[in-house]
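Analysis of the macromolecular model
Next come the chains, spelled out residue by residue.
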Amino acid sequence: MFRRRILFCTAALLGSLSAIVVAEHPQQKSTASPNIVVVFIDDLGWADFSCFGNSDALTPNIDRLAAGGIRFEQFYVNSPICSPSRVALSTGQYPARWGITSYLDNRKTNEARGVENWLSTDAPTLARILQANGYKTGHFGKWHMGGQRDVGDAPLITEYGFDTSLTNFEGLGPRILGLKDAYDGSEPRQHAMGSQNLGRGEITWLDRSQVTRAFTDAAIEFINEAQAEERPFYLNLWPDDVHAPFFPPEEMRGDGTRRVLYHGVLETMDEQLGSLFNLIREDDRLRDNTLVLICSDNGPAQGAGSAGPFRGFKTHLFEGGIRSPLIAWAPGLIPEEKSGALNTDSVFSSIDLVPSLLEIARIGMPDGIEFDGEVLADVVTGRSNASRIQPLFFRRPPDRDSFYGIEDCPDLAVRSGKWKLLCEYDGSDAMLFDLSVDAGEATDISGENSDIVQKLTSAVVEWHNALPQDNGATYRIDRQR
């Protein structure tokens, strides 16, 4: 049902735009190392792009990339909350391996939840591997893997393999801090969470509605430098304005309700990202040798974005919390006949992107590093509709056992083939869904499939017990005392 909805809403748009893209820019192959751009959007729902079915807001710049690329329907991130999701995308490993299973907060709260204050610099990162192989590397936007609240001694972003960085209040180094203007006559308020007191980098204050524009402008400058140096580049552009609080420009505020403000921010972000997409599309060298990936870090906040047909929100291990829209655009890498395609079959996740991007960049797997992700380069570039072989495992944030109206959120989840199982840390209270016929997780069929329940429960509990533990089993009790 939801697949037909997407196709109905977007077929005409994607078909016409795809024809324009192909007609204007015939596919050319390049032997140079491909450039890589990763746009990782904060708290965006699976159904928030208009090319994924949103009829209440328009995202024409992102839609145009989708019309010339591939949309993936069954792509996952590896946590339903920001910091661990970013760790997974950066390392190709489950974030629990590095002790980050919830958003990074102040020291006291991090300790109570059993999470680290920052990502260890011992962790493998895609940026560091690419940098060692001649890539110019840059990070622009939200970081949230260390250097937030009262944590001022975290490593700088450049210590993870980036030549340059510009971040917000959840990272260290040069950063842009927001001013929240409600256009009600009051003085704009700071949105900094104490970052202004941490030092460790030049600070620029800017209206929150213009922060993504500033990150995009910095990314464009970075690309121009890389071209002048004749170096391939890897670029993170990670906007945070789609995360609450929502402060779009005055003309986009509408009636001021939460969802309208969210859509105002979403459309503004799309417009501001457009200048980067246009630069890449209109430059022959960039267009024919650049891969752009666009996805979300987790599901939407309640009352803001939309997960479409899926159950749950951010922080939940239901599909709405961990499924993300994914768009891949690369005219020089994706077969022309796949332009504008919708991949409904491939099941994979952000941990798979790291080894896959290394393969696309023609870089061998580094010695001494074992990724949890699998190499699915042909899937990303439209040459295969395969899925990862191993199951995908998930652990909830330790501080989110009760959230968004659910009194006892499942602790663990596993996706294996068409099956999705959720359970507690010890395997109890298992729920089983056949996602091939019940993507909305409406009907628990664990009672009729005891053998599958036993197999998947054993697998996810074993995975959970083999990784470093957080305080998820005791955190809520501790907080109530």
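Quantities reported herein were computed from a predicted structural model and do not represent experimental measurements.

**Quick look at the overall build of the chain**
What the chain contains, in helices and strands, is 13 helices and 16 strands. Expressed as lengths along the three principal axes of its C-alpha atoms, the size of the chain is roughly 55 × 55 × 50 Å. Relative to its full complement of 481 residues, the chain shows a buried share of 62%. Sequence separation of 24 or more characterises 72% of the internal contacts of the chain that already satisfy a separation of 6 or more. Total accessible area computed for the chain in this model is approximately 17,700 Å², and 49% of it derives from carbon and sulfur atoms. Placing the 45 positive and 67 negative side-chain charges of the chain at their respective mean positions leaves the two points 1 Å apart.

**Considering the packing of helix 6 (residues 211-228) against helix 7 (residues 258-282)**
Relative to each other, helix 6 and helix 7 sit at 10 degrees, their axes nearing to 9 Å. The angle between helix 6 and helix 7 falls in the class roughly parallel. Contact residues: T212, R213, T216, A219, I220, I223 and N224 in helix 6; M269, E271, Q272, L273, S275, L276, L279 and I280 in helix 7. Partitioned by chemical class, the residues of the contact of helix 6 with helix 7 number eight nonpolar, five polar and two charged.

**Digging into the packing of aromatic side chains**
If you walk through the whole model with that rule in mind, you get 16 aromatic pairs. Between Y94 and W463, the aromatic rings sit 5.1 Å apart at their centres with planes inclined by 70 degrees, giving edge-to-face as the arrangement. Of the two residues, Y94 is situated in the loop between helix 3 (82-91) and helix 4 (107-113) and W463 in helix 12 (residues 450-466); the sequence distance between them amounts to 369 residues. Comparing Y94 with W463, the two get one shared label, buried. Taking the centre distance of 5.2 Å and the plane angle of 50 degrees together, the rings of W143 and Y160 count as tilted.

**What to know about the side chain of D399**
Within the secondary structure, D399 sits in the loop between strand 13 (392-395) and strand 14 (412-416). Residue classification places D399 among the buried positions, given a relative accessible area of 12%. There is a polar contact of 3.1 Å between the side chain of D399 and the side chain of R113. The residues touching D399, leaving out its near neighbours within four places in the chain, are S102, Y103, R113 and Y475.

**Brief notes about the packing of helix 3 against helix 10 (residues 350-360)**
Axis separation between helix 3 and helix 10 bottoms out at 6 Å; the angle between their running directions is 20 degrees. Taken together, the axis directions place helix 3 and helix 10 in an arrangement best described as roughly parallel. Crossing handedness for the pair helix 3 and helix 10: right-handed. In this structure, helix 3 uses A88, L89, S90 and T91 to contact helix 10, whose residues at the interface are S350, I351, L353 and V354. Broken down by class, the residue content of the contact of helix 3 with helix 10 amounts to five nonpolar, three polar and no charged.

**Points about the sheet that holds strand 5 (residues 175-180)**
As a general point, the strands of a sheet are linked pairwise by backbone hydrogen bonds and lie either parallel or antiparallel. Reading across the sheet, the three strands line up as 6-5-7 and stay open at both edges, with mixed pairing between neighbours. The open sheet terminates on both sides in strands that have one partner only, identified here as strand 6 (189-191) and strand 7 (203-207). Averaged over all neighbouring strand pairs, the angle between strand axes comes to 35 degrees, with direction disregarded. Two elements, strand 5 and strand 6, share three bridges in a ladder whose sense is antiparallel. Directly across from K180, in strand 6, lies its bridge partner R189. Across the sheet, helix 6 touches strand 5 and strand 7, and the angle it forms with strand 5 is around 160 degrees.

**Observations regarding the confidence of the model for the chain**
Low-pLDDT stretches of the model should not have their predicted coordinates read in fine detail. Per-chain confidence: the chain averages 92 in pLDDT, with 93% of residues scoring 70 or above. Scored below 50 in pLDDT, residues 1-29 shows 52 contacts in the model against residues more than four places distant or in partner chains.

**Re the environment of L156**
For L156, the location among the structural elements is in the loop between strand 3 (136-141) and strand 4 (164-166). Note: C-alpha distance between L156 and P174 (18 residues apart in sequence) is 9.6 Å. Sequence-distant contacts of L156, defined by excluding residues within four places in its chain, comprise L172, G173 and R200.

**Points about the sheet that holds strand 13**
In space, the four strands of this open sheet follow the order 13-14-15-16, with antiparallel pairing throughout. Two strands lie at the open edges of the sheet, namely strand 13 and strand 16 (431-434), each paired on one side alone. For this sheet the average axis-to-axis angle between neighbouring strands, irrespective of direction, equals 15 degrees. Bridge analysis of strand 13 against strand 14 gives four bridges, and the strand direction is antiparallel. Paired with F394 across the two strands is A413, which belongs to strand 14. Here helix 12 sits on the sheet and contacts strand 13, strand 14, strand 15 (419-423) and strand 16; the angle it forms with strand 14, its principal contact strand, is near 120 degrees.

**Considerations on the nonpolar core**
Residues F49, F140, L235, L276, F277 and I294 are the most contacted members of the largest nonpolar core, which totals 49 residues. Among the elements of the structure, strand 1 (35-41), helix 2 (60-67), helix 6, strand 8 (233-238), helix 7, strand 9 (290-296) and strand 10 (323-329) are those that each provide at least two residues to this core. In this structure, L104, Y234, L291 and V354 belong to the second largest nonpolar core, which totals 47 residues.

Calculation criteria
- Residues numbered from 1 in each chain as written.
- Predicted model: local features only at pLDDT ≥ 70, side-chain atom pairs only at ≥ 80, totals over all residues.
- Heavy atoms only, no water.
- Helix = DSSP H or I, 4+ residues; strand = E, 2+ residues; numbered from the N terminus.
- Buried < 20%, exposed > 50% of the residue type's maximum accessible area, 1.4 Å probe, protein only.
- Contact = heavy atoms within 4.5 Å.
- Areas by Shrake-Rupley, 256 points an atom, 1.4 Å probe, with all protein chains shown as cover.
- Lys, Arg positive; Asp, Glu negative; His and termini not counted.
- Charge placed at Lys NZ, Arg CZ, Asp CG, Glu CD.
- Axes fitted to C-alpha atoms, helices over the stretch in contact; angles between N-to-C directions.
- Parallel < 35°, antiparallel > 145°, perpendicular 65-115°, else oblique.
- Nonpolar A, V, L, I, M, F, W, Y, C, P; charged D, E, K, R; others polar.
- Phe/Tyr/Trp six-rings, centres within 6.5 Å; stacked < 30°, edge-to-face > 60°.
- Polar contact = N/O pair within 3.5 Å; in protein donor to acceptor, adjacent residues only side chain to side chain.
- Left-handed = near helix turned anticlockwise from the far one by under 90°.
- Pairing = 2+ DSSP bridges.
- pLDDT = per-residue confidence, 0-100.
- Core = buried A, V, L, I, M, F, W, Y, C linked by side-chain atoms within 4.5 Å.

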